[in-house]
Amino acid sequence: MKFIADGMLGKLTRWLRMLGHDVKYSNELDDAQLIMVAKKERRILLTRDLELYQQVTAKGIDTFYLEGRTEEEKLAELAKRFEIILDIDMTTSRCPKCNAQIESISKEKVTDKVEKNTIAYYNKFWKCPKCGQIYWQGAHWTRIKKTLEKATEELKKLRNKKQSNYIQAGG
Ligand SMILES: [Zn+2]
């Protein structure tokens, strides 16, 4: 399962990559180019543009229309539709900047690349083999966890909503 996201979904792209998903993103691609890449690389086109969504659906290319306003809501919609796990597993996580799979790196190898305080407080580090970015579960990690918890809550709401619709439909 691979994705391509439209130019409005830069933030969501970073989340999906962190969650381990292959997402192509460039805000320089126009609609025709997005469709072309989606088709050629068999990527599911994620979009907030209803017109584009309808156009892509008509062509028989896999696409998903995101209605959510917040990142949490969008992540919940995706989790419901594609059974995406809303938890980060560093062994499959991708670089939010460039989409490459990050790799574990020893503390010794990053001592000259990150601040002394970081080295003092953290033991586990990861590196992107493509862009060289170093990652660790720093202070921002709490915020990341919180967003994913909220998204999980949203997912529960979405599932309950579906359930009640079903009951209504069933009479
Ligand atoms: Zn990278």
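As the structure is a prediction and not an experimental result, all values here were calculated from the model.

Here we come to the overall build of the protein chain. When you go through the protein chain residue by residue, the secondary structure sums to six helices and seven strands. When the helices and strands of the protein chain are listed from N to C terminus, the series reads β-α-β-α-β-α-β-α-β-α-β-β-α. Projected onto the principal axes, the alpha-carbon positions of the protein chain cover approximately 60 × 40 × 20 Å. Burial analysis of the protein chain (171 residues in total) assigns 25% to the buried set. Taking contacts inside the protein chain between residues at least 6 apart in sequence as the whole, the part at least 24 apart equals 53%.

In terms of domain boundaries, the protein chain breaks down into domain 1 (2-90 + 139-170) and domain 2 (103-135). Each of domain 1 and domain 2 has a C-alpha centre, and the two are 30 Å apart.

In this section: helix α4 (residues 71-82). Taking 1.5 Å per residue as the helical rise, α4 with its twelve residues ought to reach 16 Å, and the 16 Å between its terminal C-alpha atoms agrees with that figure. Taken together, the buried positions of α4 are occupied by Glu 72, Lys 74, Leu 75, Ala 76, Glu 77, Leu 78 and Ala 79. Positive backbone phi, at 50°, marks Glu 83, one or two positions downstream of α4.

All right, on to the nonpolar core then. By size, the foremost hydrophobic cluster in this structure holds 25 residues, and its most contacted members are Ala 5, Leu 75, Ala 79, Leu 86 and Ala 151. Elements that contribute at least two residues to this core include exactly β1 (2-5), α1 (10-18), β2 (22-25), α2 (31-40), β3 (44-47), α4 and α6 (140-170). For Leu 75, the contacting residues outside a window of four places in its chain are Trp 15, Leu 86 and Ala 151.

Taking strand neighbours across the sheet as the criterion, the four strands line up as β2-β1-β3-β4 in an open arrangement whose pairing is parallel. Unpaired on one side and paired on the other, β2 and β4 (63-65) mark the two borders of the sheet. Between one strand and the next, the sheet's axes are offset by a mean angle of 25°, whatever the strand orientation. The strands touched by α2 are β1, β2 and β3; relative to β1, the strand with the most contacts, the crossing angle is about 175°.

Attention now goes to the sheet that holds strand β7 (residues 134-135). Whether parallel or antiparallel, the strands of a sheet pair through hydrogen bonds between backbone atoms. Ordered by their spatial adjacency, three strands build an open sheet running β5-β6-β7, and the pairing between neighbours is antiparallel. Where the open sheet ends on each side, the last strands, each with one partner, are β5 (103-105) and β7. When β5 meets strand β6 (residues 125-127), the two strands line up antiparallel, connected through three bridges. Across the sheet, Ser 104 pairs through a bridge with Trp 126, a residue of β6.

Their axes nearest at 10 Å, the elements α1 and α4 cross at an angle of 55°. Classified by the angle their axes make, α1 and α4 are oblique. The two elements α1 and α4 cross, and the hand of that crossing is right-handed. The residues of α4 that touch α1, namely those facing Lys 11, Leu 12 and Trp 15, are Glu 71, Lys 74 and Leu 75.

Before going further, it helps to spend a moment on the environment of Thr 111. Considering the arrangement of structural elements, one finds Thr 111 in the loop between β5 and α5 (116-121). Taking C-alpha positions, Thr 111 is 14 Å from Gln 133, a pair spaced 22 residues apart along the chain.

The rules we used
- Residues numbered from 1 in each chain as written.
- Predicted model: local features only at pLDDT ≥ 70, side-chain atom pairs only at ≥ 80, totals over all residues.
- Helix = DSSP H or I, 4+ residues; strand = E, 2+ residues; numbered from the N terminus.
- Buried ≥ 20, exposed ≤ 12 C-beta atoms within 10 Å, placed from the backbone.
- Contact = placed C-beta atoms within 7 Å.
- Domains from an automatic or database assignment.
- Expected span 1.5 Å × (residues − 1).
- Core = buried A, V, L, I, M, F, W, Y, C linked by C-beta atoms within 7 Å.
- Pairing = 2+ DSSP bridges.
- Axes fitted to C-alpha atoms, helices over the stretch in contact; angles between N-to-C directions.
- Parallel < 35°, antiparallel > 145°, perpendicular 65-115°, else oblique.
- Left-handed = near helix turned anticlockwise from the far one by under 90°.

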